[in-house]
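Listed below are the residues making up each chain.
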Amino acid sequence: MGDSQPWTAAPSAAEHARSVLAAAWSCAVTAEGGREEFVGAHTVTEDGRVTLDVPEDSTLVTAAICAPRGEPSAVLEFADVAPVPVRSRIRARLWIAGRLVPADGKLEFKATRVVLRRSSGAVVVDLDEFAAAAPDPLATAEAGLLTHLADCHPDAVERLTRLVDPDSLYGAVRVQPLAVDRHGLTLRIERARAHGDVRLPFHAPADDVARLTERMHVLLSQASAASCPRALQRQRTDGDG
């Protein structure tokens, strides 16, 4: 997609859900036989269908075989964990309810309901929209991008706070990059007993790392032209930051 294409300031619920699914490396599965957690056992097709490669003696195999035909038999749960150490690191949870169907030595999952829980609340994602949506193009690279920004460029993170409303920075003791997608960068602002998130939207979508680099340079240039927030000035004076 070129920069001239229309875009929104944040991903849709379906896009966010598909991004969580694309980046997840583990999942928990709850079925009649109990709950099991798997690492590296699931694969995802282009339309969001999940296949599980589990041991033959897994209780999930028995649950899939014994479940009443056509009825939901399991729930898959995926956690979206912030790659940078922050408070409340789980940014979102994705639940997919449906049926496990044995096929070619694996378990195919037939989804009947998709629920995404974000900080703003839970939303039921339309199944057709979920299948049609594409993961954010930065989803699988996000962890490396954010840890690099936090570890190697803390000065850039501090400069970006100049784009944040000073009221949002009052009492801040630490600011860390929380998330990034093609639409913008989100900062986590931590205070002594609370925290909040602020989103810095890009002026145009970043559909790859090269475009993301350019979008970040634009934000940093805007931040350099802004004054340092008084809240952070007081923070430095008091020796808290």
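Scroll up to find the structure.
No experiment lies behind these values; they were computed from the predicted model shown.

K.L.:
Account for the pattern of salt bridges, naming residues and giving values.
P.N.:
By the definition in use, this model includes 12 salt bridges. Measuring nitrogen to oxygen at the nearest pair gives 3.5 Å for the salt bridge that ties Glu77 to Arg35. A residue pair is termed long-range when its members are at least 10 positions apart, and Glu77 in strand β5 (residues 74–81) and Arg35 in strand β2 (residues 34–39) qualify at 42 residues. Residue Glu142 pairs with Arg91 through a salt bridge whose shortest N-O separation is 2.9 Å.

K.L.:
Any details on the sheet that holds strand β9 (residues 172–181)? Residues and values, ideally.
P.N.:
Spatially, 3 strands are ordered β9-β10-β11 in an open sheet, and the strand pairing comes out antiparallel. Single-partner strands in this sheet number two, and they are β9 and β11 (195–201). Ignoring strand direction, the axes of neighbouring strands in this sheet form an average angle of 25°. Here 8 bridges tie β9 to strand β10 (residues 184–191), and the two strands are oriented antiparallel to one another. Opposite Val175, over in β10, you have Ile189 as the bridge partner. Along the sheet, helix α4 (residues 142–152) makes contact with β9 and β10, crossing β9 at roughly 150°.

K.L.:
Outline the pairing of β10, supporting the account with residue identities and numerical values.
P.N.:
Each regular strand displays side chains that alternate between the two surfaces of the sheet. The buried count for β10 comes to 7 of 8 residues, which makes it a mostly enclosed element. Between β9 and β10, which pair antiparallel one after the other, the connecting turn spans 2 residues. Relative to β11, β10 is paired through 7 bridges, and the arrangement is antiparallel. Its bridge partner being in β11, Leu187 is matched across the sheet by Val198.

Calculation rules
- Residues numbered from 1 in each chain as written.
- Predicted model: local features only at pLDDT ≥ 70, side-chain atom pairs only at ≥ 80, totals over all residues.
- Heavy atoms only, no water.
- Salt bridge = Lys/Arg side-chain N within 4 Å of Asp/Glu carboxyl O.
- Helix = DSSP H or I, 4+ residues; strand = E, 2+ residues; numbered from the N terminus.
- Pairing = 2+ DSSP bridges.
- Axes fitted to C-alpha atoms, helices over the stretch in contact; angles between N-to-C directions.
- Contact = heavy atoms within 4.5 Å.
- Buried < 20%, exposed > 50% of the residue type's maximum accessible area, 1.4 Å probe, protein only.

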